[in-house]
Each structure stands twice: as structure tokens, then as C-alpha cells.
Amino acid sequence: MERHKLELVGITYNQIESGVYAVILREAGGERRIPIIIGYPEAQAIECKLQDVVTPRPLTHDMMINFMTAFGVSLKEIEIKRLPNGVFAADLVFSDGENTRIVDARSSDGIALAIRAGAPIYTSEELLSEAGFLPEENRKKPRQARRVERAPEKKTSLSGETDLSALTLDQLNEQMQKAAEEEDYEKAAKIKAEIDSRTKG
């Protein structure tokens, strides 16, 4: 399976009503980017390290690094994956020098640990092809035209917005991905809330 190394570009600061942010990852040596929608606490955990913020006491991810160091365990790498319901997750590869273990984690926690441990971040070509986008392409070929073409298939509310409750999970994930690529994070947050209400119920 072909893998690609990812670099952390940063976190968007477009805070919206539900406090949702997006962490942007870019393929090393390339232009494709993957936006991952995260909440405020997760964004704060990543941003604190990026800005080298010194806290009086260790934050959760700093404590994890201290714990790993105390027991001779290192984070070798993480791999961003996507679960069947469309949510991003991460496989964390730990080693004590003799044994290697893979631990499942939220993508935001994996990224927060990786940047603290200096561990590389990877993903598959399949995920990068499906979820990745090129900023230049977005400017040259706006996705709005495709939304107009598919509009008759969707139920709309009195305000003219798409009725999210009428969409399938696959359609919701597709719409959330498009919203993130177009940097419409308010729309992405509403769609994420709808997805969470179904998957966590």
C-alpha cells in the first residue's frame, strides 16, 4: 500500500458558533491537503505546541509524552485513516525498542502527540485521493456548479438550505468534505453536528 508523509500546515482560526476548527495537513513534497474538522479543546492542544506555549503544569498530551519517556516507550509514527462512518482516526505506532504496538486514537490526539514526539505523520494514497484537495483547483473550478446540478435531489428547508436530516451519512460526509475544502466551516460544523447526532445516538 502506497503511503504519503503529511506535514502539519496549521489550524484555521475561523471560530464559528459551535466552536469547530479545522487542522490542515499537506502531503510532503506535494500540494494536496486534507482538512480535518476538530473542536476547540483539540485545536488548543495542537496550537499550544505549535506556539510553544509554556503551561504551569503539563497538559494531557505533554503528560503522555512524559509518561512514555519514563517507561522507555516512543511514538514511532502515526497514520491517519478514515473509519466506515467517514470520521478521521489515527493508528499510533509505539515501540519500547523490542516490541511494537499499534493503538487506535482520535486523529486530533494522534497529531497532538506526533508534533510533541517529533513523530512522522502518514496516510494512504487512497485516503489522500478521496479526501485531499488542491487549493488551486478550488479557485479555478468552484464546486458550487456541482451543488447546483444536484440540488433537485435534495430536500430544502423554507430558508433554502439543504435539509440535512434527509441526507444519508455518506451524503453528509461528502457535503462536510466539500464545505471544509471551500472553507465554509460554519456549514461544515452544522453537518458534523448532524453526523454526530446519528453516530453517537
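A quick note: this is a predicted structure, and the numbers were derived from the prediction, not measured.

## Focus: the overall build of the protein chain
Thought 1: Counting secondary structure elements, the protein chain contains eight helices and seven strands.
Thought 2: Evaluated residue by residue, the protein chain yields a buried proportion of 41% over its 201 residues.
Thought 3: Restricting the contact set of the protein chain to residue pairs at least 6 apart, pairs at least 24 apart contribute 53%.
Thought 4: When the accessible surface of the protein chain is summed, it comes to about 11700 Å², and 50% of that surface belongs to carbon and sulfur atoms.

## Some thoughts on the layout of surface pockets
Thought 1: Reported here for the largest pocket is a volume of approximately 590 Å³.
Thought 2: Along its surface, the largest pocket is lined by 27 residues, and I37, V87, F88, K192 and D196 are the ones closest to its centre.
Thought 3: Elements supplying a minimum of two residues to the lining of the largest pocket: strand 3 (33-39), strand 5 (88-95), strand 6 (100-106), helix 3 (107-117), helix 7 (169-181) and helix 8 (185-199).
Thought 4: No other element matches strand 3, which puts five residues into the lining of the largest pocket.
Thought 5: Here the residues of the lining of the largest pocket are counted per class, giving 12 nonpolar, eight polar and seven charged.

## Describing the environment of K49
Thought 1: Take K49: it is sitting in helix 1 (residues 40-50).
Thought 2: Residues K49 and I115, 66 residues apart in the sequence, show an inter-C-alpha distance of 7.4 Å.

## Some remarks on the confidence of the model for the protein chain
Thought 1: In the predicted model, the protein chain carries a mean pLDDT of 80, and the fraction of residues at 70 or more is 78%.
Thought 2: Counting contacts from residues 137-160, a segment whose pLDDT is below 50, to residues more than four positions away or on other chains yields 24 contacts.

## Notes on the pairing of strand 5
Thought 1: Burial within strand 5 is extensive, with seven of its eight residues counted as buried.
Thought 2: Pairing between strand 4 (residues 74-82) and strand 5: eight bridges, direction antiparallel. Within strand 5, the residue paired with S74 across the bridge is S95.
Thought 3: Where strand 4 folds back onto strand 5 in an antiparallel hairpin, the turn is made up of five residues, including G86, whose phi is positive at roughly 95°.
Thought 4: What sits between the antiparallel neighbours strand 5 and strand 6 is a turn of four residues, in which G97 has the positive phi angle 100°.

## Some words on the side chain of E27
Thought 1: Within the secondary structure, E27 sits in strand 2 (residues 20-27).
Thought 2: Here E27 is in contact with H4, K5, L6, R32 and L128, once residues within four sequence places are set aside.

## What about the packing of helix 2 (residues 60-70) against helix 3?
Thought 1: Where helix 2 meets helix 3, the axes come as close as 10 Å, and the angle between the chain directions of the two elements is 55°. As far as their axial angle goes, helix 3 and helix 2 are oblique. Every pair of crossing elements has a handedness; the one defined by helix 2 and helix 3 is right-handed. For the pair formed by helix 2 and helix 3, the contact residues are H61, D62, M64 and I65 on the first element and D109, A112, L113, R116 and A117 on the second.

## Concerning the packing of aromatic side chains
Thought 1: If you walk through the whole model with that rule in mind, you get two aromatic pairs.
Thought 2: Here the aromatic rings of Y21 and Y40 are separated by 6.0 Å at their centres, their planes lie at 40°, and the arrangement is tilted. Separated by 19 residues along the polypeptide, Y21 in strand 2 and Y40 in helix 1 bring together distant segments of the chain.
Thought 3: According to the relative accessible area criterion, Y21 is buried, its value standing at 8%.
Thought 4: The exposure class of Y40 is partly exposed, given its relative accessible area of 41%.
Thought 5: A ring pair is formed by F67 and F71, whose centres lie 4.8 Å apart and whose planes are at 35°; its orientation type is tilted.
Thought 6: You can call F71 exposed: its relative accessible area is 59%.
Thought 7: When the ring centre of Y122 is taken as origin, the NZ or CZ atom of R3, which lies over that ring, is 4.1 Å away.

## Some thoughts on the nonpolar core
Thought 1: Counting 29 residues, the largest nonpolar core has I34, I36, L75, I78, I80, L92 and I111 as the members making the most contacts within it.
Thought 2: Those residues in contact with I111 that lie beyond four places of it in its chain are L8, V23, L25, I46, I78, I80 and I121.
Thought 3: Residues I24, L164, L167 and A179 belong to the second largest nonpolar core, which totals 12 residues.

Reading guide: rules and limits
- Residues numbered from 1 in each chain as written.
- Predicted model: local features only at pLDDT ≥ 70, side-chain atom pairs only at ≥ 80, totals over all residues.
- Heavy atoms only, no water.
- Helix = DSSP H or I, 4+ residues; strand = E, 2+ residues; numbered from the N terminus.
- Buried < 20%, exposed > 50% of the residue type's maximum accessible area, 1.4 Å probe, protein only.
- Contact = heavy atoms within 4.5 Å.
- Areas by Shrake-Rupley, 256 points an atom, 1.4 Å probe, with all protein chains shown as cover.
- 1 Å grid on protein atoms, 1.4 Å probe; cavity = no way out; pocket = protein on both sides within 12 Å on 5 of 7 lines; lining within 4 Å.
- Points joined across faces, edges and corners; volume = space filled by probe spheres on them.
- Nonpolar A, V, L, I, M, F, W, Y, C, P; charged D, E, K, R; others polar.
- pLDDT = per-residue confidence, 0-100.
- Pairing = 2+ DSSP bridges.
- Axes fitted to C-alpha atoms, helices over the stretch in contact; angles between N-to-C directions.
- Parallel < 35°, antiparallel > 145°, perpendicular 65-115°, else oblique.
- Left-handed = near helix turned anticlockwise from the far one by under 90°.
- Phe/Tyr/Trp six-rings, centres within 6.5 Å; stacked < 30°, edge-to-face > 60°.
- Lys NZ or Arg CZ within 6 Å of the ring centre and 35° of its normal.
- Core = buried A, V, L, I, M, F, W, Y, C linked by side-chain atoms within 4.5 Å.

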